[in-house]
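Examining the three-dimensional arrangement
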Amino acid sequence: MFVGHYGPSFAVKAARASIPLWVVFIAVQLIDVLWAIFVLLGIEKVRIVPGFTATNPLDLYYMPYTHSLIGATVWAIAAGIVYYLFRKVDGWSAAAIVGAAVFLSLGARLACASPRFAVVRQFPQGWSGTLEFPGVCLSA
Amino acid sequence: VFAFLLEVAILFGGMYLYLKTTQSISRTGRFGIVIFGFVMLMVQSTVFFHPPPSSDKAAAITALVFYFVFAGVACWLEKQLIARSRASSTT
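Every chain is numbered on its own, with residues counted from 1 as its sequence reads. Going through the entries in the order they are written, you letter the chains from A and number the ligands from 1. In view of the model being predicted, local features appear only for residues whose pLDDT reaches at least 70, and side-chain atom pairs are presented and counted only at 80 or more, with totals across whole chains, interfaces and linings using the full set of residues. Hydrogens are left out, water is left out, and the side-chain values use all remaining heavy atoms of the structure.

1. A closer look at the overall build of chain B
Spelled out, the test is: By the criteria applied, helices consist of DSSP H or I runs no shorter than four residues and strands consist of E runs no shorter than two, each listed in order from the N terminus. The quantity called the radius of gyration is restricted to C-alpha atoms. Its globule counterpart is 2.2 Å times the number of residues to the power 0.38. Burial here depends on accessible area, computed with a 1.4 Å probe over protein chains only, as a share of the maximum for the residue type. Under 20% is buried, over 50% is exposed, and the range in between is partly exposed. By the convention used here, residues are in contact when the closest approach between their heavy atoms is within 4.5 Å. Surface accessibility in these figures is a Shrake-Rupley result with a 1.4 Å probe; residues are shielded only by whichever protein chains are displayed.
A tally of regular secondary structure across chain B gives four helices and two strands. Starting at the N terminus and walking to the C terminus, you meet the elements of chain B as α-β-α-α-β-α. Its C-alpha atoms give chain B a radius of gyration of 16 Å, clearly above 12 Å, the size a compact globule of 91 residues would have. Considering only C-alpha atoms, chain B reaches an extent of 55 × 25 × 15 Å along its principal axes. Classification of the 91 residues of chain B by burial places 37% in the buried group. Counting contacts in chain B only where the partners sit at least 6 residues apart, residues at least 24 apart contribute 80% of the total. Approximately 5,300 Å² of chain B is accessible, and the part contributed by carbon and sulfur atoms is 73%.

2. A word on the overall build of chain A
Broken down by element type, chain A carries four helices and two strands. Shown N-terminal to C-terminal, the secondary structure of chain A runs as helices and strands in the order α-α-β-β-α-α. Counting every position in chain A, which comprises 140 residues, the buried fraction comes to 51%. In chain A, the proportion of contacts linking residues at least 24 apart, taken out of those at least 6 apart, comes to 54%. With an accessible surface of roughly 6,100 Å², chain A has 71% of that area assigned to carbon and sulfur atoms.

3. Looking at the confidence of the model for chain B
Residues and elements named next belong to chain B. Let me state the cut-off plainly: Note on scores: pLDDT gives the predictor's confidence for each residue, bounded by 0 and 100.
Confidence in the prediction for chain B averages 87 pLDDT; 93% of positions are at 70 or higher. When mean pLDDT is compared element by element in chain B, helix α3 (residues 56-78) scores highest at 94, while helix α4 (residues 84-90) scores lowest at 66. Overall fold confidence (pTM) sits at 0.83, and the ipTM for the predicted complex is 0.89.

4. A closer look at the packing of aromatic side chains
Which entries qualify depends on this criterion: Aromatic rings from Phe, Tyr and Trp, with only the six-membered ring used for Trp, were paired whenever their centres fell within 6.5 Å, and each pair was classed as stacked if the ring planes differed by under 30 degrees, edge-to-face if by over 60, and tilted otherwise.
Inspection of every chain in the model, using the stated rule, returns 10 aromatic pairs over all chains. Three or more aromatic residues link up through ring pairs in this structure, and these residues are Tyr6, Phe10 and Phe25 of chain A together with Tyr18, Phe36, Phe66 and Phe70 of chain B.

5. Here we look at the interface of chain A and chain B
It is common to report an interface's size as the accessible area lost on association of the parts. Applied cut-off: By convention, the term buried area covers the 1.4 Å-probe accessible surface removed from two parts as they join, with the contributions of both added. Salt bridges are identified by distance alone: a Lys or Arg side-chain nitrogen within 4 Å of an Asp or Glu carboxyl oxygen. Whenever a nitrogen or oxygen atom comes within 3.5 Å of another N or O atom, the pair is scored as a polar contact, on the condition that within protein one atom can donate a hydrogen and the other can accept it, and that pairs from neighbouring residues in sequence are kept only if both atoms are in side chains.
With 34 residues of chain A at the interface, the matching set in chain B holds 37 residues. Counting the surface chain A buries against chain B, the share from its top three residues, Phe2, Val3 and Phe10 of chain A, is 21%. At the junction of chain A with chain B, the criterion picks out one salt bridge. A salt bridge links glutamate 78 of chain B to lysine 13 of chain A; the shortest N-O distance between them is 2.4 Å. Applying the counting criterion to the chain A and chain B interface returns seven residue pairs in polar contact (both at pLDDT 80 or more). Only α1 (6-15), α2 (21-41) and β1 (45-48) of chain A provide two or more residues apiece to the side of chain A that touches chain B.

6. Details of the side chain of lysine 13 of chain A
Its place among the elements puts lysine 13 of chain A in helix α1. Here the side chain of lysine 13 of chain A touches isoleucine 19 of chain A through a polar contact of 3.0 Å, landing on its backbone oxygen. Once residues lying within four places of it in the same chain are set aside, the contact partners of lysine 13 of chain A are Ile19, Pro20 and Leu21 of chain A together with Tyr18 and Glu78 of chain B.

7. Let's talk about the pattern of salt bridges
Within this structure, the stated rule accounts for three salt bridges over all chains. For aspartate 90 of chain A, the salt bridge goes to arginine 87 of chain A, with nearest N and O atoms at 3.0 Å.

8. Observations concerning the nonpolar core
Quick reminder of the rule: The nonpolar core is taken to be a set of buried Ala, Val, Leu, Ile, Met, Phe, Trp, Tyr and Cys residues, with the residues joined through side-chain atoms within 4.5 Å.
Core analysis: the biggest nonpolar cluster contains 55 residues, and Tyr6, Phe10 and Phe25 of chain A together with Met40 of chain B have the highest contact counts within it. Elements supplying a minimum of two residues to this core: α1, α2, α3 (69-86) and α4 (91-111) of chain A together with α1 (2-20), α2 (27-49) and α3 of chain B. For this core, the element with the highest residue contribution is α2 of chain A, accounting for 14 residues. Setting aside residues no more than four positions away along its own chain, phenylalanine 10 of chain A makes contact with Leu21 and Phe25 of chain A together with Leu11, Gly14, Met15, Tyr18, Ile33 and Met40 of chain B.

9. Quick look at the packing of α2 of chain B against α3 of chain B
Relative placement of two packed helices is described by the angle separating their axes and the distance separating the axes. All names here are of chain B. Filter applied, for reference: Only the stretch in contact is used when a helix axis is fitted, and all axes are lines through C-alpha atoms; the angle between N-to-C directions ranges over 0 to 180 degrees. Reported orientations rely on four angle classes, namely roughly parallel under 35 degrees, roughly antiparallel over 145, roughly perpendicular from 65 to 115, and oblique for the rest. Lys, Arg, Asp and Glu make up the charged group, whereas Ala, Val, Leu, Ile, Met, Phe, Trp, Tyr, Cys and Pro make up the nonpolar group; the residues left over, Gly among them, are polar.
With their axes 10 Å apart at the nearest point, α2 and α3 run at an angle of 170° to one another. Our classification of the angle between α2 and α3 gives roughly antiparallel. Contact residues: α2 offers Thr28, Gly32, Ile33, Phe36, Met40 and Val43, while α3 offers Phe66, Phe70, Val73, Ala74, Trp76 and Leu77. Along the lines of polarity and charge, the residues of the contact of α2 with α3 split into 10 nonpolar, two polar and no charged.

Okay, structure coming up:
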């Protein structure tokens, strides 16, 4: 899932013209932007496995801080607050839309994730094993 | 292939909604958005059908570059369009 995220960006922009298009472009990919930064810093882990899924060679085996329900919730709230601080004129409703764009993009990722992908399982010990949401791989 | 077609439908569906609510103020406005859509699809095709990245770091850097380049292009293209409601109120 990559460019499909940008469709909702355009739709959000159409519905709420005051939100800059580049902001929703970043919002729908914020979780992946943070993921890339965390991978570069060695905080989250990925390995290249050719043929891992039909469309993606990335085995995303450890990414608890970005691609998890609680992680995505935290980033979505943070994004909404940051947006509000910089564009108070748009109000909280616009900030909520930006936050929702961040959070809902996680759901879109689930739609084409590997069946091994589990959102909550990836939390550090203590959270793991209580809830699992296996993804449905569209391309499988 | 199904996943790819679904992404195409979502991308251009959203783009259609956006273009319906805007009016181009320059030649690059309307066509620029559509061309941008096809460029993004070409990038997506590369991800789908080309050899995998050489390392995890390479994958992360490639993703970061594209995210920010796409956001920058979107920022520029947005300036070529104006909301129809604003356009009609100024005429």
